[in-house]
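Chain by chain, the residues:
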Amino acid sequence: MGKKNISTATSIAGVELDSYVCNASGPKCTTYEELTELGRSDSSAIVMKSATILPREGNPEPRLARVGKHGLVQSMGLPNLGYEKYVGFSKKLTKFGKRIIGSIAGFSFEEYVVMVKAFQKSDVDLIEINVSCPNIEGKSLIGRDFGQLRDLLTLTSGLGTKPIGLKLPQYDDPAHWFTVAELVLEYGVSFITCINSIGNTLVIDPWTRKTVTSKNGLAGLSGETIMPIALANVRAFYELLGGKVSIFGVGGVIDGVSAFQFLLAGADAVQVGTAFELNDASCFTYINKGLIHMLEYHGFSSVEEAKGQLLYI
Ligand code: DHB
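Residues numbered from 1 in each chain as written. Predicted model: local features only at pLDDT ≥ 70, side-chain atom pairs only at ≥ 80, totals over all residues. Heavy atoms only, no water.

Some remarks on the pattern of salt bridges
Overall, the coordinates contain six salt bridges when judged by the stated rule. Of the charged contacts in the structure, one is a salt bridge between Glu61 and Arg63, with a shortest N-O distance of 3.8 Å. Judged by its relative accessible area of 63%, Glu61 is exposed. Using a relative accessible area of 13% as the deciding quantity, one classes Arg63 as buried. Residues Glu304 and Lys307 are paired through a salt bridge, measuring 3.1 Å at the closest nitrogen-oxygen approach. (Salt bridge = Lys/Arg side-chain N within 4 Å of Asp/Glu carboxyl O. Buried < 20%, exposed > 50% of the residue type's maximum accessible area, 1.4 Å probe, protein only.)

Right, here's the structure in full:
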């Protein structure tokens, strides 16, 4: 008799996901066509591009370049169709029977409030508040300014019943993990997504002596090289939040092995950005199958059983 197929079904903030793997906000989730492709794929949710109040073209090309085999730098500059479009799309996308996640990026607290209110009245299941977009000049990251983060949470919690989450930047100071975890618990944030791409990195082409992305060449680094940073953030928050807040792990998930590493660190689900950008929607199928193999190899019969089961040497 063949082995019973292990399900990787999971949940984020009480919202059930058919598998452990979905897309990350960013690559190929801006237009309705791209979102319907996600709807048809094995991504367990349709996560939409971070929306701003008004549509944006984003930064000039080139704004994306490969780093190594499984990495990217990007300085997209939030190209998107404006939040009203995504609120509208959320209704149409329900036909795929998947969870829908709205993502928002404001330029002021007022803008965040307008967009949270609009998504609270939409058909999305979860609202991800991006406090870590690295490609906007002259803006300090709300996710790195804890006074601003508190003010934002004061204004955006209690605007509706849909779970709210924060897309966080990476932290490398344990004191910052502690402070953010306290705020998350105090304001009843339902989930966190960690980590966003690492902002303001510089790639230099030694042959042309040029930068690889437009303007000053500074861009957000993502993919395989940032995975140890992402894992550390997931683990720190897993320990500090004690299972009270769901965690999306993101940053370098390229296969079942890397998804399993996020699971051991304590992630409730993973999002895939760079690997989707560099490949196609079959990555969700491939990663989920690989995760099932890893669970079988270690004798786990569910995602729940393996969650957080990192061993210390
Ligand atoms: C962009 C990049 C991000 O990492 C993010 O969180 C939001 C937007 C961008 O440049 O489009």
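As for the packing of helix H6 (residues 227-241) against helix H7 (residues 256-265)
One can describe the packing of H6 onto H7 by two numbers: an axis separation of 8 Å at closest approach and a directional angle of 25 degrees. Considering their axes alone, H6 and H7 lie roughly parallel with respect to each other. Counted together, Met227, Ala230, Leu231, Val234, Arg235 and Tyr238 of H6 and Ser258, Gln261, Phe262, Leu264 and Ala265 of H7 form the full contact between these two elements. (Axes fitted to C-alpha atoms, helices over the stretch in contact; angles between N-to-C directions. Helix = DSSP H or I, 4+ residues; strand = E, 2+ residues; numbered from the N terminus. Parallel < 35°, antiparallel > 145°, perpendicular 65-115°, else oblique. Contact = heavy atoms within 4.5 Å.)

Brief notes about the packing of aromatic side chains
Counted according to the given criterion, the structure contains seven aromatic pairs. Plain terms: the ring middles of Phe146 and Tyr171 are 6.1 Å apart, the flat faces sit at 50 degrees to each other, and that makes the pair tilted. Of this pair, Phe146 sits in helix H4 (residues 146-156) while Tyr171 sits in the loop between strand E9 (164-168) and helix H5 (174-186), and the two are 25 residues apart along the sequence. For the pair shown, Phe146 and Tyr171 are each scored as buried. Measuring from centroid to centroid gives 5.9 Å for Phe191 and Phe248, while their planes differ by 85 degrees, and the two rings are edge-to-face. Highlighted residues: Phe191 in strand E10 (residues 191-194) and Phe248 in strand E15 (residues 246-250), separated in sequence by 57 residues. Its relative accessible area of 0% is what places Phe191 among the buried residues. (Phe/Tyr/Trp six-rings, centres within 6.5 Å; stacked < 30°, edge-to-face > 60°.)

Let's talk about the state of the cysteines
All chains considered together, the criterion is met by zero disulfides. In this structure Cys29 is not part of a disulfide, and its nearest cysteine sulfur, from Cys22, lies 10 Å away. Of all cysteine sulfurs in the structure, the one in Cys22 sits closest to Cys283, which takes part in no disulfide; the separation is 11 Å. (Disulfide = S-S within 2.5 Å.)

What about the layout of surface pockets?
The volume enclosed by the largest pocket comes to roughly 600 Å³. As for the largest pocket, its lining consists of 38 residues, and the residues nearest its centre are Ser25, Gly26, Pro27, Lys49 and Gln74. Take the lining of the largest pocket: its biggest share by element is three residues, from helix H8 (residues 274-278). Residue classes in the lining of the largest pocket are distributed as 15 nonpolar, 17 polar and six charged. For the second largest pocket, the calculated volume is near 330 Å³. Taken together, 23 residues line the second largest pocket, and the ones lying closest to its centre are Pro134, Asn135, Ile136, Glu137 and Asn200. (1 Å grid on protein atoms, 1.4 Å probe; cavity = no way out; pocket = protein on both sides within 12 Å on 5 of 7 lines; lining within 4 Å. Points joined across faces, edges and corners; volume = space filled by probe spheres on them. Nonpolar A, V, L, I, M, F, W, Y, C, P; charged D, E, K, R; others polar.)

Notes on a nonpolar patch on the surface
Together, Leu202, Ile204 and Leu218 make up a nonpolar patch on the protein surface, roughly 260 Å² of accessible area in all. Judged by its relative accessible area of 48%, Leu202 is partly exposed. (Patch = residues over 30% accessible without salt bridge, like charges linked within 9 Å, V, L, I, M, F, W, Y side chains within 5 Å. Areas by Shrake-Rupley, 256 points an atom, 1.4 Å probe, with all protein chains shown as cover.)

Here we look at the pairing of strand E8 (residues 126-130)
Within E8, five of the five residues are buried, which leaves it mostly tucked inside the rest of the structure. Residues Leu126, Glu128 and Asn130 line one face of E8 and the alternating positions Ile127 and Ile129 line the opposite face, and both faces are buried. In this structure, strand E7 (residues 99-104) lies alongside E8, joined through four bridges in parallel fashion. Across the sheet, the residue bridging to Ile101 is Leu126, located in E8. Read from E7 through helix H3 (residues 109-120) to E8, the crossover connection turns out right-handed. Pairing between E8 and E9: four bridges, direction parallel. Looking across to E9, one finds that Glu128 is bridged to Gly165. Between the parallel pair E8 and E9, the chain is carried across by H4, and the sense of this crossover is right-handed. (Pairing = 2+ DSSP bridges. Right-handed = clockwise from strand over helix to strand, strands pointing away.)

Let's talk about the nonpolar core
In terms of nonpolar packing, the biggest core is built from 83 residues, with Ile129, Ile192, Phe237 and Phe262 touching the most fellow members. Those residues in contact with Phe237 that lie beyond four places of it in its chain are Leu168, Tyr171, Trp177, Val180, Ala181, Ile192, Cys194, Gly242 and Ile247. In terms of nonpolar packing, the next biggest core, distinct from the first, is built from 11 residues, Val15, Cys22, Ala45 and Ala269 among them. (Core = buried A, V, L, I, M, F, W, Y, C linked by side-chain atoms within 4.5 Å.)

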